[in-house]
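Letter by letter, the chains look like this.
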Amino acid sequence: RKSGSLGDIAFEQIVLEVEPDILVPMLLLLPDQDQREYPIVIGLSQDGKEKFLEERAEEIAALLTQGVAVFLPDVRGMGETCPDSSRQPRSEATALSATELILGRTLLGSRFLGLRIVMAYLRVHEEVTWFTLWGDSFAPTNSVGFCDPLIGEDDSPVQSEPLGGLLA
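What you see as residue numbers is a count from 1 along each chain, following the sequence as written. A pLDDT threshold of at least 70 governs which residues receive local features in this predicted model, and a stricter bar of 80 or more applies before side-chain atom pairs are shown or counted, although totals over entire chains, interfaces and linings include all residues. Only hydrogens and water are removed before side-chain values are computed, so all heavy atoms of the structure are retained for them.

Undergrad: Is there a simple way to think about the packing of helix α1 (residues 48-55) against helix α2 (residues 57-65) in this case?
TA: Relative placement of two packed helices is described by the angle separating their axes and the distance separating the axes. Relative to each other, α1 and α2 sit at 85°, their axes nearing to 5 Å. Considered as vectors, α1 and α2 are oriented roughly perpendicular to each other. Counting all contacts with α1, which are made through Phe52, Leu53, Glu54 and Glu55, the residues of α2 involved are Ala57, Glu59 and Ile60. When residues are sorted by character, Ala, Val, Leu, Ile, Met, Phe, Trp, Tyr, Cys and Pro go into the nonpolar class, Asp, Glu, Lys and Arg into the charged class, and all the rest, Gly among them, into the polar class. For the contact of α1 with α2, the per-class residue count stands at four nonpolar, no polar and three charged. Fitted lines through C-alpha atoms give the axes, limited to the stretch in contact for helices. The angle between two N-to-C directions lies from 0 to 180 degrees. A run of DSSP states H or I qualifies as a helix once it reaches four residues; a run of E qualifies as a strand once it reaches two. Both are numbered from the N-terminal end. Each angle receives one of four descriptions, namely roughly parallel if under 35 degrees, roughly antiparallel if over 145, roughly perpendicular if within 65 to 115, and oblique otherwise. We call two residues in contact when some of their heavy atoms are within 4.5 Å.

In structure tokens form, the structure reads like this:
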């Protein structure tokens, strides 16, 4: 755990080991350093906490102004913990997913387990009045009239990023 502040906003950088050798880096933004209890919004996105801060800065600032803390974890394979940006058939992310299946689990299930452990951690270590989950995607949309080509022909469609909403 490492603490700091930027103006009126206090922050904590936390790294939690949710399973042996599985680390979840997290960022907790606190609205008022004197406030003892607060609601928390947990932001989830395939792109992770850095992109969440970049894309939703105004919304996060509004929440903090209203006395709501914002918590941004990078559970397994998201943000900082993402092995690479590709999820093509021979990518490292696909290999991780296949390994989970071989072990009788799913990558989504492992991510959900990590999120549940993160939420349990928050309940124990923070004065939380309530949680809410905010799943988001920052993937661009396909152009109007885009026709999905056959695999290997023409431009592929923009890859969707449903993980944040799916976990929430």
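Undergrad: Even after reading the chapter, I still don't get α1, so can you show me in this structure?
TA: At 3.6 residues per turn, the α-helix brings residues three or four places apart onto the same side. Throughout, exposure labels follow a simple rule: accessible area from a 1.4 Å probe, protein chains only, divided by the maximum for the residue type, with under 20% read as buried, over 50% as exposed, and the rest as partly exposed. When α1 is considered as a whole, its buried residues turn out to be Gly48, Lys49 and Phe52. Projected down its long axis, α1 carries its buried residues within an arc of 120°, all on one side. Looking at α1, the residues exposed on the side facing more than 90 degrees away from the buried face are Glu50 and Glu54. Of the surrounding secondary structure, the elements contacted by the buried residues of α1 are β3 (22-30), β4 (38-45), α2, β5 (69-73) and β6 (128-136). To be clear, the arc concerns the directions from the helix axis to the C-beta atoms.

Undergrad: I would appreciate a short explanation of unusual backbone geometry in the present structure.
TA: For residues that are not glycine, phi is negative in most cases, and the peptide bond is trans in most cases. The phi angle at Asp21 is positive, at roughly 65°, despite the residue not being glycine. Mapped onto the fold, Asp21 is located in the loop between β2 (9-19) and β3.

Undergrad: How should I be thinking about the packing of aromatic side chains in this particular structure?
TA: What characterises a pair of aromatic rings is the spacing of the ring centres plus the angle enclosed by the ring planes. In this analysis, rings of Phe, Tyr and Trp, with Trp reduced to its six-membered ring, are considered paired at centre separations within 6.5 Å, and the interplanar angle assigns stacked below 30 degrees, edge-to-face beyond 60, and tilted for intermediate values. Tallied over the entire structure, the rule returns two aromatic pairs. Relative to Trp134, the ring of Phe52 has its centre 4.8 Å away and its plane inclined at 80°; by these criteria the two rings are edge-to-face. Residue Phe52 is located in helix α1, and its partner Trp134 is located in strand β6; the two are separated by 82 residues in the primary sequence. An identical accessibility class is assigned to Phe52 and Trp134; each is buried. Considering the side-chain rings of Phe52 and Phe138, the 5.6 Å spacing of their centres and the 80° angle between planes classify their relative orientation as edge-to-face. On the criterion of sequence distance, the pair formed by Phe52 in helix α1 and Phe138 in the loop between β6 and α5 (163-167) is long-range, its members being 86 residues apart. Assigned by exposure class, Phe52 and Phe138 land together as buried.

Undergrad: In this structure, what is going on with the side chain of Ser110? I would like to understand it.
TA: Within the fold, Ser110 resides in helix α4 (residues 107-125). On the basis of relative accessibility, which here comes to 5%, the residue Ser110 falls in the buried class.

It is worth stressing that arrangement in space is one thing and function is another; only the former is reported here.
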